[in-house]
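# Coordinate analysis (summary)
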Amino acid sequence: MSQQDLDALFDRLVAEYSDRLSRGVNVDRELILQQVPQEHRRALARSLRMIEVGLAVAPSGSEPLGPGSVLDGYTILRELGRGGMATVYLAEEKALTRQIALKVLRPALATESVHLDRFRREGQAVARLEHPNIARIYAVGHCRGYHYLAMEFVAGPTLAEALQRLPEQRPWSAGDLSRCTNAPSLASAPTYRAAMAGLLAPVARALSAAHSLGIVHRDVKPSNILLRSDGSAALADFGLAKDEAEMGLSLSGDTIGTPWYMSPEQAHAIEHAVDERTDIYSLGVTLYEALSGRRPYEGESALAVMQAIKSGVPSALSRISPETDDQIDAVVRKAMSQRPEDRYRSAEALEEDLTALAKQLPTRARALEGGPLKRTFHNWKRQLGSSGEYRSPTEFLGLPLVHVFVGPRYPGQKIRVAKGWFAMGDFAIGGMAFGGGSLGVFAFGG
């Protein structure tokens, strides 16, 4: 059973149970619990008990939402999308005859205070913000058991959708980005890189506005960046804002949200405090993916990705995207530094460098790195301090000049083999080898 099917099953069972109890119909709870997999029954039983004792009310199972449904003055036109926490509908607000995005909390999650609080917190956080690059929330409400947010409707795609539409053939152009975002104004940028930096600079500005009010987004990623037809971006989904070191679980036990854009301190959970610099890291990951076409860390599971974030160093952009230059590499490296203190001091500082990239001007991040030797030493010291691995961005014949592992492998980690002209680490040694008139590399690991 897929996650989406399981979520829908939870919602239906909770709604039907609440509906029957409200009508005085006896219901056998065990028969309901038997309809979900064994490992998820405890979570469902907790929700049913909340309804029984009157601590939660779920929407009626006989009144599901869909096109034509009216909820508190909003007429639903169609579904826009759904996730682990909510379903978003395109709706029309009768009083003002305008289209809005109606975000409705999943019925099953509405029985859990932790999810309901997170949902309300999004409305409260955005209500404090007035910024052109933050998707506005018009109202927070509750009607017939449904909890909703009435939000600005952005007709354009998300950045995640736009990136998926990019052609396979590289290099990409500003025109490619313009077509994928349905934003003609982006086509005037000199390069794809400049267009993307110009698109994300206002997002950094929006984060700066949020941070100035003590609001940390904590879930910056391409799918939370909405693209308007005029080429501007709007940051959305502040549901995890100010949620101290909490990842959150759905009723079926899966992590809410995606791990690929987490900062190392988020991946460490309660071991490290999380502040506004986590948003800087996540926007750096977003820029990395937008420029390279791939995420910096991948894994077979969310846990594997999080472990890689905690202990690894991503490949330099220049290794996987030949059109990348030193200026962009430096900005991404600084934004994605393992240690928060090595990142940009503020989202505003990151915005300044993104604006410089958009105008094809030198960046402060590149200036601070200095020459090749200073840059290599600085990056090595900074990254080895917490990650346990260093791979120099400078390469020769496709191999890094320096590749080092430090410290023991974490449980389950594969054998680590250092590859480079000078490579060493935990049971891993490599170097240059000469023989038969040719130059080669040797490396072995344990």
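Residues numbered from 1 in each chain as written. Predicted model: local features only at pLDDT ≥ 70, side-chain atom pairs only at ≥ 80, totals over all residues. Heavy atoms only, no water.

### A closer look at the pairing of strand β5 (residues 137-143)
This is how the line gets drawn: We treat two strands as partners when DSSP finds at least two bridges between them. Working definition: helices are DSSP H or I runs of at least four residues, strands are E runs of at least two. Numbering for both runs from the N terminus.
Here six bridges tie β5 to strand β6 (residues 146-152), and the two strands are oriented antiparallel to one another. Paired with Gly141 across the bridge in β6 is Tyr148. The turn linking β5 back onto β6 is made up of two residues, and Arg144 within it adopts a positive phi angle of 55 degrees.

### Points about the pattern of salt bridges
Close approach of charged atoms lets side chains of opposite charge pair. Quick note on the threshold: Criterion for a salt bridge: a side-chain nitrogen of Lys or Arg within 4 Å of a carboxyl oxygen of Asp or Glu.
Applying the stated rule across the entire model yields 13 salt bridges. Its salt-bridge partner being Glu152, residue Arg136 comes within 3.7 Å of it at the nearest N-O pair. Of this pair, Arg136 sits in the loop between α4 (113-127) and β5 while Glu152 sits in strand β6; the two residues are 16 residues apart in sequence, bridging distant segments of the chain. With a shortest N-O distance of 2.9 Å, Asp342 and Arg339 are connected by a salt bridge.

### Some details on the confidence of the model for the chain
Heads up, the condition is: pLDDT is a residue-level measure of predictor confidence that goes from 0 to 100. In what follows, a contact means two residues having at least one pair of non-hydrogen atoms within 4.5 Å.
When pLDDT is averaged along the chain, the result is 79, and 76% of the positions lie at 70 or above. Counted against residues more than four places away or in other chains, residues 243-257, with its pLDDT under 50, gives 43 contacts.

### Remarks on the packing of aromatic side chains
Where we set the bar: Any pair of Phe, Tyr and Trp rings, taking the six-membered ring for Trp, is counted once the centres come within 6.5 Å. Such a pair is stacked with planes under 30 degrees apart, edge-to-face with planes over 60 apart, and tilted for the rest. Cation placement over rings: the criterion is NZ of Lys or CZ of Arg within 6 Å of the ring centroid and within 35° of the ring normal.
Scanning the entire structure with this criterion turns up two aromatic pairs. Pairing Tyr74 with Tyr148 gives two aromatic rings, centres 5.6 Å apart and planes at 70 degrees, and the pair type is edge-to-face. One end of the pair, Tyr74, is in strand β2 (residues 74-82); the other, Tyr148, is in strand β6, with 74 residues separating them in the sequence. Sitting over the ring of Trp260, Arg295 keeps its end group 4.0 Å from the ring centre.

### Quick notes on the packing of helix α7 (residues 192-212) against helix α9 (residues 277-292)
Packed helices, taken two at a time, are described by the angle between their axes plus the distance between the axes. Note the threshold: Structural elements are reduced to axes, namely lines fitted to C-alpha atoms, with helices fitted over the stretch in contact, and the angle between N-to-C directions of any two is expressed from 0 to 180 degrees. For classification purposes, an angle smaller than 35 degrees is called roughly parallel, one larger than 145 roughly antiparallel, one from 65 to 115 roughly perpendicular, and anything else oblique. Should the near helix be turned anticlockwise from the far one by less than a right angle, the crossing is termed left-handed; should it be turned clockwise, right-handed. For this classification, Asp, Glu, Lys and Arg are treated as charged, while Ala, Val, Leu, Ile, Met, Phe, Trp, Tyr, Cys and Pro are nonpolar and the rest, including Gly, are polar.
Interaxial distance between α7 and α9 falls to 11 Å at its minimum, and their mutual angle equals 165 degrees. It follows from the interaxial angle that α7 and α9 lie roughly antiparallel. For the pair α7 and α9, the crossing hand works out as right-handed. Listed contacts from α9 to Tyr192, Arg193, Met196, Leu200, Val203, Ala204, Leu207 and His211 of α7 are Asp279, Leu283, Thr286, Leu287, Ala290 and Leu291. Looking at the contact of α7 with α9 residue by residue, the class counts come to ten nonpolar, two polar and two charged.

### Here we look at the packing of helix α12 (residues 326-335) against helix α13 (residues 347-358)
Look at α12 against α13: their axes get within 11 Å of each other, and the N-to-C directions meet at 165 degrees. As judged from the angle between their axes, α12 and α13 are roughly antiparallel. Between α12 and α13 lies a crossing of left-handed hand. Taking contact as the criterion, the partners of Gln327, Ile328, Val331 and Ala335 in α12 are, on α13, Leu350, Asp353, Leu354 and Leu357. Within the contact of α12 with α13, the residues separate by chemical class into six nonpolar, one polar and one charged.

### Considerations on the sheet that holds β2
In a beta sheet, neighbouring strands are held together by backbone hydrogen bonds and run either parallel or antiparallel to one another. Taken in spatial order, the six strands of this open sheet run β1-β2-β3-β4-β6-β5, and their pairing is antiparallel. The two strands at the open ends of the sheet, each matched to only one other strand, are β1 (70-71) and β5. Pairing analysis gives two bridges linking β1 to β2, with the strands arranged antiparallel. Each residue of the ladder has a partner; that of Leu71, found in β2, is Tyr74.

### A look at α9
Test applied: By this rule, a helix spans an expected 1.5 Å times one less than how many residues it contains. Classification of residues uses two cut-offs on accessible area relative to the type maximum, computed with a 1.4 Å probe and protein chains only: under 20% is buried, over 50% is exposed, and between them is partly exposed.
The terminal C-alpha atoms of α9, which comprises 16 residues, lie 23 Å apart, in line with the 22 Å expected from a rise of 1.5 Å per residue. Counting buried residues in α9 gives 15 out of 16 residues, a clear majority hidden from the surface. Gly293 sits one or two residues past α9 and shows a positive phi near 85 degrees.

### Digging into the nonpolar core
Just so we agree on the cut-off: What is meant by a nonpolar core is a set of buried Ala, Val, Leu, Ile, Met, Phe, Trp, Tyr and Cys residues, joined one to another through side-chain atoms within 4.5 Å.
Of all hydrophobic cores here, the largest spans 74 residues; its most connected members are Tyr192, Met196, Leu200, Phe238, Leu350 and Leu354. No other element matches the twelve residues that α7 contributes to this core. If near-sequence neighbours (up to four positions away) are discounted, Leu200 is found in contact with Leu159, Ile225, Leu283, Thr286, Leu287 and Leu354.

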